[in-house]
Amino acid sequence: MIDQLYEHLETIRDVSVDRALAAALPTADAAALTRIARLLLTRGEPAGTIGLVLHFHRLPRALQQEVVAHVPALYRPLREAAGRTRGEGPANVVEIVHRAADAHLTYLVADQLRHNDEPLRRRASACLLELAYRAATSDDPDVLPSFDATAAGYIASALDEAVRAYARHKQEPVLLAAMAMLPRPVPGLATLLERDRRHPAVRAAAKLIERAEHWPAVRAAVALIHLDPLRPACCTGLRRAAAAGQAGSALAHHHLLCIGAVAHAVARIDRPQSLLPRPEQLPHLPPHEARGLGAWLSSLGFEPGERIAQLAGLATLPDAAARLFALRRLMQLADDAGAASVAAAHDAIADACDDAALPTARLALRYLIARRYAGLSRLLARLLNSPHPTLRRIAADQLAPLGFARLWELWPKLEASRRLAAAQALIKIDPNFHRQLAEKLRVDDRRARLRALSMIHGLNQGPFFEAALVELAASDDEVVASAAVRALGSAEGPAAVESLEAALEHPDARVRANAVEALSQVRSTRHVQKLVHMAQADDAGRPRANAIDALMQMRTSDAIQGLARMLADPRATHRASALWLVQHAQMLTLARYVAEMSLNDPDADIRGRAKRVIGDMIEQLNQPEAGLSSAAG
């Protein structure tokens, strides 16, 4: 019978039916209560569903959840029930909004703060605080709020009115809720803080911030530190949070330091070290907190040297992004600091080149290269052994030109052994070494060409420059041509040999002399007849002596005879060159000729040189090894 009655009521569309059903809720038993409530939800008429709100506290838990699930269809009944001054309606509205977490209805909860019932005000403020927590931006940027921006705006608007009415309800959770919404603007809170320093809300907010027992208060200490009424409380709160290891919310909201007024207030805080985590806490900071340390260190009132040291200390942070942010702050500080601090900042940045994260190490190196860091050469040399292949390549690319320029500059001043060692090391790391040296051969500066040719000869790099050397060997400049011919001695290609053989007939004596020496290096024998002719009839002493020396190395019979004739040549220059060759080749068998020259040569200089050669021969004879060697020869 009762089931038929309910079925019949479902077919009647009359407001009086909904009102009758709602009126039956307080006296219905459990079974009837459930049937009536579901019937009212199905009909959806405000005249009936308001009963569900007013008697929500009577409903079973499962039925309450069904009502909460229908909240979007209950806005009007909720609004009417919230305005009732008697009964459980307002309290039920707070509970329903709390469980539904519907931001659009937050204003209904805020309205209850004007109610004279203290328990209801506490429940309303607690509901607002929980909604604010869910709408607040998390300290961790990877965690998204539960509400979108529109819903969070509804909550902020309701909190704005609640803060304005603080003098009436005095609910601290409302202030915490407003602080949790920061840095989203809550105009009511801002107005009170800026215009009415004696307002209870201002004093209460200051105490909450000063105690720093809740993360919204720590966040507010950063966001509101620029306001004069709260500055002392903010400083105290930040210190307490740091001492307790609870400064994470402040560190995570380092972006607030981009606000000029906030940054200015933070810079004025005394004892800035007390606002930072202790050194032993740094390795345990969550990444989103550690990433704010660089910004805080840059904003706090440290001396430049201390700030640099503090930022450099962040290189031990486990989070790569935190180390990168600290490096960027160091770079900014180095660009803005005075001369006394730039060097220290650059040294700290140089240490970042050893960072385990490639982006950080690469950025540090690129920065120092661009700023022409004073210790760049040493740094690049160290980074040649970096575990990062990219850094090794950059270091080699940068060090090579620096090394070539340095070697080029010092080449005339270095000893032969140091020249060779430096150049060999440079060739290994500089793939552009030969290109840079080739560019020096093409310049019009004669001295530059001669130095380049000297380097090619000294380093035996002729094979890399054979074509260019052949071209320069035919130069009209005899000095350049002679240097090119000498350098061709390390090039053994057919073109080099052909060029050197042609140089044996060059009109300049230096070119011919160098050609003979170079040909002795390539070990070609096609030019023996030319050497024999030069040994007998060359007009200049040095080419003739070199030709005889080359023939001696080939062990030809013409060599000793040619040298003896040269010692007796009527031209003093030829006799001087012959004496040089005797001394150079240690020809003890010609000692008799040299002794006669030291006594009878018509030229005093030749006599003096001959005496020195005889003295050297005697010294050689007094050395057993040399004597045996000469005897064997």
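Residues numbered from 1 in each chain as written. Predicted model: local features only at pLDDT ≥ 70, side-chain atom pairs only at ≥ 80, totals over all residues. Heavy atoms only, no water.

1. Things to note about unusual backbone geometry
Spelled out, the test is: Starting at the N terminus, helices and strands are each numbered in turn, a helix being any DSSP run of H or I of at least four residues and a strand any DSSP run of E of at least two.
For the peptide bond that leads from leucine 182 to proline 183, omega is 5 degrees, which places it in the cis range. Relative to the helices and strands, proline 183 resides in the loop between helix H12 (172-181) and helix H13 (187-195). Positioned with a positive phi, lysine 170 is a non-glycine residue whose angle comes to about 50 degrees. For lysine 170, the position within the fold is in the loop between helix H11 (166-169) and H12. Within the chain, arginine 372 stands out as a residue other than glycine whose phi angle is a positive 55 degrees.

2. Some details on the pattern of salt bridges
Stated precisely, the cut-off is as follows: A side-chain nitrogen of Lys or Arg and a carboxyl oxygen of Asp or Glu constitute a salt bridge if their distance falls within 4 Å. Using a 1.4 Å probe on the protein chains alone, a residue whose accessible area is under 20% of its type maximum counts as buried, one over 50% counts as exposed, and one in between counts as partly exposed.
This structure, assessed with the given rule, holds 19 salt bridges. Between glutamate 280 and arginine 278 there is a salt bridge, with the nearest N and O atoms lying 2.9 Å from each other. You can call glutamate 280 partly exposed: its relative accessible area is 49%. The salt bridge partner of aspartate 508 is arginine 510, with a shortest N-O separation of 3.3 Å. Connected through shared salt-bridge partners, Glu118, Arg121 and Arg122 make up one network.

3. Some remarks on the packing of aromatic side chains
As a reminder, the rule being used: Any pair of Phe, Tyr and Trp rings, taking the six-membered ring for Trp, is counted once the centres come within 6.5 Å. Such a pair is stacked with planes under 30 degrees apart, edge-to-face with planes over 60 apart, and tilted for the rest. Counting as a charge over the ring demands two things of the Lys NZ or Arg CZ atom: a distance within 6 Å of the ring centre and an angle within 35 degrees of the ring normal.
One pass over the structure, following the stated rule, counts one aromatic pair. Centroid distance tyrosine 133 to tryptophan 215: 5.1 Å. Interplanar angle 35 degrees. Geometry classified as tilted. Here tyrosine 133, found in helix H9 (residues 118-135), pairs with tryptophan 215, found in helix H15 (residues 215-223); they are 82 residues apart in sequence, far enough to count as distant. Residue class for tyrosine 133 comes out partly exposed when judged on its relative accessible area of 30%. Given the relative accessible area of 31%, tryptophan 215 is considered partly exposed. The ring of tryptophan 408 has lysine 440 lying over it, and the distance from NZ or CZ to the ring centre is 4.7 Å. Residue placement shows arginine 451 over the ring face of tryptophan 408; its charged tip is 5.4 Å from the ring centre.

4. Quick word on the side chain of serine 475
Rules: When checking whether two residues touch, look at their non-hydrogen atoms; a contact exists if any pair is within 4.5 Å.
Tracing the backbone through its elements, the reader meets serine 475 in the loop between helix H30 (466-473) and helix H31 (478-487). Dropping the residues within four chain positions of it, serine 475 is found in contact with Val480 and Ala481.

5. Let's talk about the confidence of the model for the protein chain
Predicted coordinates in regions of low pLDDT should not be interpreted in detail. Rule in force here: A score between 0 and 100, pLDDT records how confident the predictor is in each residue.
Scored by pLDDT, the protein chain has a mean of 82; 87% of the residues are at 70 or more. Element-level pLDDT for the protein chain is lowest in helix H40 (residues 624-632), with a mean of 40, against a maximum mean of 94 in helix H24 (residues 358-370). Counted against residues more than four places away or in other chains, residues 625-633, with its pLDDT under 50, gives three contacts.

6. A closer look at the packing of helix H22 (residues 320-336) against H24
To keep things clear, this is the line we draw: Structural elements are reduced to axes, namely lines fitted to C-alpha atoms, with helices fitted over the stretch in contact, and the angle between N-to-C directions of any two is expressed from 0 to 180 degrees. Angles are sorted into four bins: roughly parallel if under 35 degrees, roughly antiparallel if over 145, roughly perpendicular if 65 to 115, and oblique for all others. The crossing is said to be left-handed when, going from far helix to near helix, the turn is anticlockwise and less than a right angle, and right-handed when the turn is clockwise. Side-chain classes follow a simple rule in which Ala, Val, Leu, Ile, Met, Phe, Trp, Tyr, Cys and Pro form the nonpolar group, Asp, Glu, Lys and Arg form the charged group, and the remainder, Gly included, forms the polar group.
Across the interface, H22 lies against H24 with an axial gap of 10 Å and an inter-helix angle of 10 degrees. One finds that H22 runs roughly parallel with respect to H24. Note on packing geometry: the crossing formed by H22 with H24 is left-handed. Contact residues: Ala320, Arg323, Leu324, Leu327, Arg328, Met331, Ala334 and Asp335 in H22; Thr360, Leu363, Ala364 and Tyr367 in H24. Grouping the amino acids of the contact of H22 with H24 by side-chain chemistry returns eight nonpolar, one polar and three charged.

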